[in-house]
Amino acid sequence: MPSPAGAQVAPSPGEKRRPLRARDSDLGTSQGSQLKFVDLNHVIKLLEDSSSNNEEEKQLEILKKVVTRYENGLPLKDLSQIFKILNLCAEKIQYQEAFIEPTCDILKLCGLPFLKKKLSDEVNYVPVALESVAQFGYLMRVPSSQVRIQICKCIISFYQVEQLNKQLAGFQSTSANYKIQMAELAGLAETLVLSLALVENQLAEKLWVLKALQHLSTSGVNCKFMMKAQAASRICSHLNDADPSGQLLFRSSAILWNLLENASKEEIINQLSNLECIYALKEAFVNLLIHGFRHYDRQLRNDLLVIATLIAENPGAPMIESGFTQLLILLATFSEVKSQNPLENDIKLSFSYEDFELKKLLFNMVAVLARDLCTVQLLSEGKVVLALFHYVKPNEKPGVHDWSAAQYEELQLHAIATLASVAPLLVDDYMTCQGNTRLLMFLEWCVGQDPFFGQGNCFHGAGGRGNKLAQMRYSLRVLRLVVSLCDEAVNLDLCDQGAINQLLDILKHLGNTAKEKEDAIVLEIQTDILLILSTLCENDLHRKELFGCEGVDILIPLMKMDPNKLYSGLGHNQLLFSALDSLWCCVMGCYISEDYFLEKEGIFLLLDLLALKQKNICNLILGILVEFCDNSKTASHINAWRGKKNQTAASLLIQLWKQEELELGVKHDQDGRIVGVKKPLVGSFQEQQGVIPMPANCPTIAIVEVSENMRAKIYSVLCKLGFESLPGLSAKDFVTLAIIRRYLDFKVAEVWSEICEELKEENFRPVTPDEEALKVISEASENVGKMVATLQTDVLKSQQRQELHEEEKAYSEIQAIHKQKEMVNKFWEDFLTRTSNYVALKKAKRLQEKSIQASRSKSRPQNATLHSTEIKGLNTTIASGRLVTVESTPSELTGGPLADTDLALRKLSVRGGALQKIKGIKVLTPYKKNSVSVK
């Protein structure tokens, strides 16, 4: 590469050599004594010249001067020439061992921080620094142990930067991470991994290389280079090489850990998933297990087991072929199940913390191995289920066990969690160990009042501090996974032992607990119990009767759950789903439970949930409603339901239909009428996908679509309710209802249309009768679409007429109101006229009298006596009666109400112009105040 600015280039062979002269940059001091000036180009030329035998002494002498000259560090500008000198020395080492020492001395200088004169030198000399650092890996080819070890020490010094006591004048050290960055960019780690092949038989050199790689592997960039060089498999395959110090295994495992953490975990595991590496891991693990007695040995043993666990997660790893799987199963059941394997005599496990961790790691390894079905037979032969059931019991005598109470609890929870992975694979072993009985007894202890204080410190003990919820949680998980296999022998045995009633009792107990505190653990336990009950009762009427009204009473509060909790993240949504599933499986089909559910207004709760319009639960609720409609009492409950704004169930179902078709992209006009009479149900996605020819045993898109949305269920519910006399529907609802009513006809037509298009795609022509039949079917389907479109138009026109009639009626009512107001105003005006104008009053009186006279009969009976009904002298237009009410002027001022009448003149004596109380006049207080009776 081209030399950087300021660097000197060796003269070409034909160029005239210039005399050496001093420069400021070539000056150096050592302990106050001034040295001769050193020209690096001259040194390179001298090393390249091998014509004279006396040159070796000169070369060694000049190399010593170079070392002394740069004893305080190498300037970045001189790196290119220094490493060229190193390469020349490396070439001479093969023939002249005298060059080993100066080479090592120069390498020691490379371990010191590089020096820069300007702040920009770090950036300007990056290409030179990269090439120089990369040379460390290439220099590992030198056949000298001292040189290789010194190279490794130099690389390690990158991570152990020490400040220099003295530096060259005008220079300063580069940043602490400069060399580390250069090593990453130069790919030094990859070259160093490849150099392991050169030092396979030299233990000291290999240990130094591994130590250097251990430092380099702390960087993700270096780990990627190491992964490229197959570092994992190269290192793992030599784990058991002879090494009395034990450093080889320690450093190799540390490098593997760093690779797994900082590089692609999948790629590293793939590199380790071969027989050679697994054999090496197995041998190293067994040696530490049997012969390791130090704390360090046990830790290293556990680290290797973790690496082995990661390898076991790879389905392609030959764990069984290597015998590692069988060994690990033996160790996992070592203290619980006795075996005839002679290895047991050599294993000595104490109850230290490291052995406790080993036990947990072995349980975890069993769970990982169980993912490979090929290990099922080995798990059965190793009696793993029996060993795990050893912990499915309360710690009755804590003082007897060698594990502490907290450790036993952690092992217990870990064992039950592992049993959940193993038991479904080994059902026969599960039944042989009486797994159902053990779990039910353990659950009874979990609900009991025995004093127990869970520590809740471990991963599996979350939420179990001071209670037994963690034990209950994992025991129910085992039951759920075993029951979900639908093995009739297992489920029958479980029911025969009263599991349904016991689980219902636990739900009651948890219901009281949930009122005080709701957390994810309690919700998960409730969900698992409901799923177990659903599986047990799904196809058995007797078990549904056992679930009975007691189970319905448990489901009702769960269905009244606050909708806001569904998004809490604690598991309320899962609990609601499991409650609805239990309703479907444990209640429906049992008429007693169904009727009790209806009495508890369960249908109202279902419709309330349906009104939330959450797509994830609507499909399930609609399925339940379809099944429930087989009960004759259900329809009345559905029709009686009212939601927000007095919404009916029919209106809600039609809204769900519209929402579903909007998501599917079904085309309608602005009034909701169908656009295409041939395919009124086809959405935009289905239309874009087109028709794909399918085998006869594969359902087409039109059939699959039925189960992918809610339209078929909505149609089924409305069919059960009847399409006539549905309450609370608007005209646009009736427009949509016309489509729903013909859903089955449209779907059949859609299937026939697909058949015709498939025949065209496959270039088949049906025979003439079939072709005519297909044509008739197509025309009939199109006629149905036209009929529905016509019906929708008629509904809309009828609605328009109704709206027009209602508008006219409203206007008529407005006119009547205005007319009434006018009449009232006119009456008031007439009243004011009569009361304020005496002439008008008399005129009104005359008109009244004429009207009265005209209304009387003209024919009079003979000898009849006529009595006048009028009181003369009254200037009122109101007919007089028996009672006269005085409401205005006091009698002291007017002389009484009859003072000016003929009656008063005839029968009453006027004294002072006022009406006096005389015989014949009686005041009638019971009728009304100020009312008098006139005789």
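Let me begin by describing the structure that accompanies this report. Within each chain, residue numbers correspond to sequence positions counted from 1 in written order. Local features in this predicted model are restricted to residues of pLDDT 70 or higher, and side-chain atom pairs are both shown and tallied only at a pLDDT of 80 or more, whereas totals for entire chains, interfaces and linings draw on every residue. As a rule here, side-chain values come from all non-hydrogen atoms in the structure, and water together with hydrogens is ignored.

Attention shifts here to the overall build of the protein. Counting from the N terminus, the helices are the DSSP runs of H or I reaching at least four residues and the strands are the DSSP runs of E reaching at least two. Counting its secondary structure elements, the protein contains 43 helices and seven strands. Buried, partly exposed and exposed residues are distinguished by accessible area as a fraction of the type maximum, computed with a 1.4 Å probe on protein chains only: under 20%, between the cut-offs, and over 50%, respectively. Going through the 935 residues of the protein one by one, you find that 45% of them count as buried. Within the protein, residue pairs in contact and separated by at least 24 positions form 75% of the contacts whose partners lie at least 6 positions apart. Taken as a whole, the protein presents about 50,400 Å² of accessible surface, with 52% of it coming from carbon and sulfur. Here, residues are in contact when the closest pair of their heavy atoms is within 4.5 Å. All accessible areas in this document rest on Shrake-Rupley with a 1.4 Å probe, and a residue is counted as covered only by the protein chains that are shown.

Below, the discussion takes up helix H25 (residues 488-496). Where H25 is concerned, the buried positions are Val 490, Asn 491, Leu 494 and Cys 495. What you see down the axis of H25 is that its buried residues fit within an arc of 125°, all on one side. Exposed residues on H25 whose side chains face more than 90 degrees from its buried face are Ala 489 and Asp 496. Its side-chain oxygen 3.0 Å from the backbone nitrogen of Ala 489, Asp 487 forms the N-cap of H25. Among the residues trailing H25, Gly 498 stands out with phi positive, at a value near 75°. Read the arc as the range of directions from the helix axis to the C-beta atoms. Definition of a polar contact: a pair of N or O atoms within 3.5 Å, with one able to donate and the other able to accept a hydrogen when the atoms are protein atoms, and with sequence-neighbouring residues admitted only if both atoms are side-chain atoms.

What follows covers the packing of aromatic side chains. Each Phe, Tyr or Trp ring, with Trp reduced to its six-membered ring, pairs with another whose centre is within 6.5 Å; inter-plane angles below 30 degrees give stacked pairs, above 60 give edge-to-face pairs, and intermediate values give tilted ones. Tallying each qualifying case throughout the model produces 14 aromatic pairs. Here the aromatic rings of Phe 136 and Phe 158 are separated by 6.0 Å at their centres, their planes lie at 65°, and the arrangement is edge-to-face. Of the two residues, Phe 136 is situated in helix H6 (residues 126-138) and Phe 158 in the loop between helix H7 (145-157) and strand S4 (172-173); the sequence distance between them amounts to 22 residues. Here Phe 136 and Phe 158 have matching classes, each one buried. Put simply, the rings of Trp 657, Tyr 715, Phe 723 and Tyr 743 touch in pairs and so form one group of aromatic residues. One Lys or Arg, Arg 69, reaches over the ring of Tyr 70 and ends 4.7 Å from the middle of that ring. Throughout this description, the term charge over a ring refers to an Arg CZ or Lys NZ atom that lies within 6 Å of the ring centre and within 35 degrees of the ring normal. Over the ring of Trp 657 we find Arg 711, and its NZ or CZ is 5.9 Å from the ring centre.

Located in the positive-phi region is Glu 601, a residue other than glycine, with phi close to 60°. By the element assignment, Glu 601 lies in the loop between helix H30 (591-599) and helix H31 (602-610). With a phi angle near 60°, Ser 725 is a residue other than glycine that sits in the positive phi range. Assignment of secondary structure puts Ser 725 in the loop between helix H37 (711-721) and helix H38 (731-741). Accessibility expressed as a relative area gives 74% for Ser 725, which makes it exposed.

With that out of the way, let us pick up H30. Within H30, burial applies to Ser 593, Glu 594, Tyr 596, Phe 597 and Leu 598. Elements in contact with the buried residues of H30: helix H28 (541-559), helix H29 (572-587), H31, helix H32 (615-628) and helix H33 (634-640).

This brings us to the pattern of salt bridges. We define a salt bridge as a contact between a side-chain nitrogen of Lys or Arg and a carboxyl oxygen of Asp or Glu at a distance within 4 Å. One pass over the full model with this rule turns up 31 salt bridges. Close ionic contact of Asp 355 with Arg 301 constitutes a salt bridge, the shortest N to O distance being 3.0 Å. In this pair, Asp 355 is assigned in helix H18 (residues 353-369) and Arg 301 in helix H16 (residues 295-312), connecting sequence segments 54 residues apart. The buried category is assigned to Arg 301, whose relative accessible area is 3%. Residues Arg 741 and Glu 724 are paired through a salt bridge, measuring 3.0 Å at the closest nitrogen-oxygen approach. Placement of Arg 741 in helix H38 and of Glu 724 in the loop between H37 and H38 is noted, with a sequence separation of 17 residues between them. With relative accessibility at 43%, the residue Arg 741 sits in the partly exposed group. Several salt bridges share partner residues, and in doing so they unite Glu 661, Glu 705, Arg 711, Lys 747 and Glu 750 into one network.

This part covers the side chain of Asn 436. If you trace the backbone, Asn 436 turns up in helix H23 (residues 435-447). Contacts of Asn 436, omitting those with residues within four sequence positions, involve Tyr 430, Met 431, Leu 479, Val 490, Asp 493, Leu 494 and Gln 497.

A sequence separation of 22 residues divides Arg 741 from Cys 719, and the C-alpha atoms of the two residues are 7.9 Å apart. Once residues lying within four places of it in the same chain are set aside, the contact partners of Arg 741 are Tyr 715, Phe 723 and Glu 724. Engagement of the side chain of Arg 741 in a polar contact is seen with the side chain of Glu 724, the distance being 3.0 Å.

To get an axis, a line is fitted to the C-alpha atoms, and for a helix only the part in contact is used. The angle between two axes follows their N-to-C directions and goes from 0 to 180 degrees. One can describe the packing of helix H4 (residues 100-110) onto H7 by two numbers: an axis separation of 9 Å at closest approach and a directional angle of 5°. Comparing their axes, H7 and H4 come out roughly parallel. In this structure, H4 uses Ile 100, Thr 103, Cys 104, Leu 107, Lys 108 and Cys 110 to contact H7, whose residues at the interface are Gln 146, Val 147, Gln 150, Ile 151 and Cys 154. When residue character is reported, Ala, Val, Leu, Ile, Met, Phe, Trp, Tyr, Cys and Pro are called nonpolar, Asp, Glu, Lys and Arg charged, and the others, Gly included, polar. Considering only residue class, the contact of H4 with H7 consists of seven nonpolar, three polar and one charged. Between 65 and 115 degrees an angle is taken as roughly perpendicular, under 35 as roughly parallel, over 145 as roughly antiparallel, and anywhere else as oblique.

On the secondary structure map, Leu 729 appears in the loop between H37 and H38. In this structure Leu 729 comes out as buried when scored by relative accessible area, which is 15%. Residues Leu 729 and Gln 647, 82 residues apart in the sequence, show an inter-C-alpha distance of 9.0 Å. Those residues in contact with Leu 729 that sit more than four places away from it in its chain are Ala 650, Ser 651, Ile 654, Phe 734 and Leu 737.

Glancing now at the nonpolar core. Soluble globular proteins: nonpolar side chains tend toward being buried together. To define a nonpolar core, start from buried Ala, Val, Leu, Ile, Met, Phe, Trp, Tyr and Cys residues and group those joined through side-chain atoms within 4.5 Å. Formed by 246 residues in total, the largest nonpolar core has its most connected members in Phe 136, Phe 597, Leu 606 and Leu 610. When residues of this core are assigned to their parent elements, the largest contribution, 10 residues, is made by helix H27 (residues 520-537). Setting aside chain neighbours within four positions, we find Phe 597 in contact with Val 552, Ile 556, Met 559, Leu 583, Val 587, Gly 602, Ile 603, Leu 606 and Phe 628.

This part takes up the side chain of Arg 543. With respect to the element layout, Arg 543 can be found in helix H28. If near-sequence neighbours (up to four positions away) are discounted, Arg 543 is found in contact with Glu 488, Asn 491, Leu 492, Cys 495, Ile 500, Leu 536 and Cys 537.

With that settled, the discussion passes to a positive patch on the surface. A cluster of basic residues, Lys 842, Lys 843, Arg 846 and Lys 850, forms a positive patch on the protein surface. Residue Arg 846 is classed as partly exposed on the basis of its relative accessible area, which comes to 47%. Like-charged residues are merged into a patch within 9 Å and nonpolar side chains (Val, Leu, Ile, Met, Phe, Trp, Tyr) within 5 Å, provided each residue has over 30% relative accessible area and no salt bridge. We count Lys and Arg on the positive side and Asp and Glu on the negative side, and we leave His and both chain ends out. A single reference atom marks each charge: NZ on Lys, CZ on Arg, CG on Asp, CD on Glu.

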